[in-house]
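Chains, contacts and geometry: an overview
Listed below are the residues making up each chain.
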Amino acid sequence: MRRTPRLNALLVLLSTFMVATDVRGQDSDLIRGRVLEAGTGTAVAGAVVEIEGRETRSALTGSDGWWRIAELPAGEYRLRIHHIGYSERSLEVRVPSQDEVMVTLTPKALPLDAVVVTASRRLQRLADVPVTTELITRSDIEQAGVSGLASLLAGRTGIQLEGGHPVGEGVMLQGLGSERVLILLDGQPLVGRISGQLSLSRIPTSVIERIEVIKGPQSSLYGSEAMGGVVNIITRDAAAEQWDLGIDLSAGTQGRADATSTLRGTVGSVGYLFSGGRRVTELTPGRAEETGALSETWDGLFKLEWSPDPSFSLATTMMMMNEDQRWRGGQLFHFADNVQRSARLEASWASGVHRLSPTIYVTEFDHLSRRATSPEPIAGSGEDEVQRLVEGELLYNLALGTHALDLGVEAKRESTHSDKIVGRERTHVTVEPFMQATVDLGKWNIVPGARVSWSDQWGTHITPRIATLYRPVSSLALRASVGMGYRAPAFKELYMTFLNVGPGFGYTVRGNPELQPETSTNYMLGAELAHGWGYLRGQLYYNQFDDFIETRVVGDSSGIDVHTYGNISEGYTRGIELEGGVTRGGFRAEAGYGYLEARDAAADRPLLGRPAHSGRLSLEYGLPIGLRSAVTGVYTGTAPVERTEAGLIERDGYFRLDLRVAQDLPRGLEISVGARNVLDAQPDNWPGFAGRHLYIGLGWQGANASDEFSQP
């Protein structure tokens, strides 16, 4: 048979294709596997899997811990798996492989490679920050099993909660109260302080990726309200998967019923996150009474992140919270309806050693206070207060090898509209440039910084700080700092006038527009020794403060005491904090102790509400079957709470014990049961400490993974 030239050419091309296909099938293949946590067997998301050999490729594990790398030439390779929260693993593998590569990672006791942002207003490793920073990770949040931020922070060393007036849960750092601790959401300040306190119970843990806590004055970077420290709440980012959906339900005693849902993912170069939830309990934050109490909160978070290339990103975040509270005082029911809104638009450009990040931020808090003799408020009644903040910020970061320069300027307009303010509305404008430099001298880093705060009310104020970090060896860090703190008087202290009366009591408070800003000087010295399996950390601090603002009785009007505010207190807080932890497979243990002395030097008396001793102990253990258990004990020592003619009234020390057990189930389900305050400790004279709470929870996590995890 004769073949035509066209047919011959076709047969040659077909044969060549078949041979090439056969060779490719023999010489290249894919490899896949899963990364799990040692001990617990739970999936490790976000681990980087690198394969090195004839080709170098990488992949990222999804929320279920799975990864895959395709089209690799056959041969021997080294596989390296690393994650900021786990010790690195490496092993030899062969491609093609018929077996899935299952790898377990051991959690680090202290994740020094984790990236934080609060200490320098830029991304840097936790190991490199100039001041001691406490990091609470997403894993810590999930293990705690709490739905509110206040409950999460209550178990950390050196962090005390304050009961609110009238309600709310604030945080105290180094003996400085919540009105002197700055609360940030993604690096921007939240408004919504009532009687000087911003209640952390409003922030749901479902939207939080991590929390960064820095104790001691941070006014050189953050200005007013950061005299006692900073709590920066970082919200969750988009997932690497096309979509990742999580649903959590829980119910318990004290009328608890919580439901949250979070959807996040990536479409092309755009990442997204939607989160919403509802929390109900028959308690009000900061108060222990259960009779007639109720708190219902709705919250939502929306985030979009666009990053078309590594040098540019644009992100927007919007959050809303609606909170209805009720509690009983005497014969009256009290009501607080709170609405919180915030929106942020941030861009970032990077070019070589330069990075520029402008941000526009708006936040508002609407508080309606009412009273009634029945459990339902009277429509159209009450006193309304609206707080607003509009802020523009520009950050510039310069990286010169291991040296760095961080510059920024913030312009803010704050306003308060209230029936209690003479003239009903007050507005302040501030402009605050700041700088911080990092000078790297090898094992020794010196970090000077300063902020200039200009206000249309108080003029110009400068807050400098110098910090240093010395690493004689890689596992040991020595830190020291000296800095000034600063807090401008709040609107309430300056302008508000209100009357509070009830059965058997009554008083009025008048603002003082002549108040001056508070100032402080802080000295800190710390040491940190860390290996992959354990760490020890200690810190000494001393805060000398001047012109603290406190209330004082200035007269009597028809049998009702008249109070006002004045710069009357001088004193100090000083103490020591010690912490340590170890990890071994699925076992983790942490312990901490804090000693605090806080005194009003002018009157030679202790400051109220500050316990001298506190401590914590937490034990966690996980089994490969997906069972995880945790025991946490928190001790709070005796504290003075009230001064009377007969002397000080003290609150007895108490011990709180929390338990939680969680079990993984098929198809991404998890069930958990727990008890908080197992011993039912109910100390007197403590307005925010409720009794025993039992709960059960059910969660589900599902994801649709993209095939494009592999990166050349």
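First, a word on what this report is: a plain description of the structure on this page.

Analysis parameters
- Residue numbering note: each chain is counted from 1, following its sequence as written.
- This being a predicted model, a pLDDT of at least 70 is required before a residue's local features are given, and a value of 80 or more before pairs of side-chain atoms are given or counted; all residues contribute to the totals for chains, interfaces and linings.
- Excluding hydrogens and water, the side-chain values take into account all heavy atoms of the structure.
- Think of a nonpolar core as a cluster: buried Ala, Val, Leu, Ile, Met, Phe, Trp, Tyr and Cys residues, connected wherever their side-chain atoms sit within 4.5 Å.
- Categorising residues by exposure relies on relative accessible area from a 1.4 Å probe, with only protein chains included: less than 20% of the type maximum marks a residue as buried, more than 50% marks it as exposed, and the intermediate range marks it as partly exposed.
- A helix here means a DSSP run of H or I that spans at least four residues, while a strand means a run of E at least two residues long, and both kinds are numbered starting from the N terminus.
- Residue contacts follow a heavy-atom distance rule, with two residues in contact if any of their heavy atoms lie within 4.5 Å.
- Strand pairing is defined by DSSP finding a minimum of two bridges between the two strands.
- What counts as an axis is a line fitted to C-alpha atoms, over the stretch in contact for a helix, and the angles between N-to-C directions run from 0 to 180 degrees.
- Candidate patch residues must exceed 30% relative accessible area and have no salt bridge, after which like charges are joined if within 9 Å and Val, Leu, Ile, Met, Phe, Trp or Tyr side chains if within 5 Å.
- Values of accessible area rely on a 1.4 Å probe in the Shrake-Rupley scheme; residue burial ignores everything except the protein chains shown.
- The working definition used for a salt bridge is a side-chain nitrogen of Lys or Arg within 4 Å of a carboxyl oxygen of Asp or Glu.

Concerning the nonpolar core
Counting 33 residues, the largest nonpolar core has Leu 149, Val 171, Ile 183, Ile 208, Ile 211, Val 231 and Ile 233 as its most contacted members. Of all the elements in the fold, those that place two or more residues in this core are helix 3 (149–153), strand 11 (159–163), strand 12 (169–173), strand 13 (181–185), strand 15 (208–215), strand 16 (229–235) and strand 23 (354–372). In terms of residue count, the dominant contributor to this core is helix 3 (4 residues). If you look at the next biggest cluster of nonpolar residues, it comprises 19 residues, including Ile 31, Ala 47, Ile 81 and Val 101.

Some details on the side chain of Gln 174
Counting through the fold element by element, Gln 174 comes out in the loop between strand 12 and strand 13. Excluding residues that lie within four positions of it along the chain, Gln 174 makes contacts with Gly 158, Lys 215, Gly 216, Asn 522, Met 524, Gln 539, Tyr 541, Asn 543, Thr 573, Glu 577 and Leu 596.

Focus on the pairing of strand 16
If a strand is regular, its side chains alternate between the two faces of the sheet. The element strand 16 is extensively covered by neighbouring structure, given that 7 of its 7 residues are classed as buried. In strand 16, alternate side chains face the same way, and those of Gly 229, Val 231, Ile 233 and Thr 235 on one face and Val 230, Asn 232 and Ile 234 on the other are all buried. Here 5 bridges tie strand 13 to strand 16, and the two strands are oriented parallel to one another. Within strand 16, the position partnered with Val 181 by the bridge is Gly 229. Here strand 15 pairs with strand 16 via 7 bridges, running antiparallel. When the sheet's bridge partners are listed, Arg 210 is paired in strand 16 with Ile 234.

Some thoughts on the sheet that holds strand 2 (residues 48–52)
Pairing is antiparallel across the open sheet formed by 4 strands, whose spatial order is 3-2-5-6. One side of each edge strand has no neighbouring strand; the edge strands of this open sheet are strand 3 (57–60) and strand 6 (86–95). The sheet shows a mean angle of 20° between the axes of neighbouring strands, taken without regard to direction. Both strand 5 (residues 75–83) and strand 6 contribute to a ladder of 8 bridges, which runs antiparallel.

Observations regarding the side chain of Asp 600
By secondary structure assignment, the location of Asp 600 is in strand 35 (residues 587–600). The exposure class of Asp 600 is buried, given its relative accessible area of 4%. Apart from residues no more than four positions distant in its own chain, Asp 600 is found in contact with Ser 569, Glu 570, Gly 571, Arg 605 and Leu 607.

A look at the sheet that holds strand 13
Here 5 strands make up an open sheet; going across it, the order is 10-15-16-13-14 and the pairing mixed. One side of each edge strand has no neighbouring strand; the edge strands of this open sheet are strand 10 (133–136) and strand 14 (188–189).

Quick look at a nonpolar patch on the surface
There is a patch of nonpolar side chains on the surface, built from Ile 247, Leu 249, Val 661, Leu 665, Leu 669, Ile 671, Val 673, Ile 696 and Leu 698 and spanning about 650 Å² of accessible area. Secondary-structure elements contributing two or more residues to the nonpolar patch are strand 17 (243–252), strand 41 (654–665), strand 42 (669–676) and strand 43 (693–704). Broken down by element, the residue count for the nonpolar patch peaks at 3 residues, all from strand 42. Along the chain, Leu 249 turns up in strand 17.

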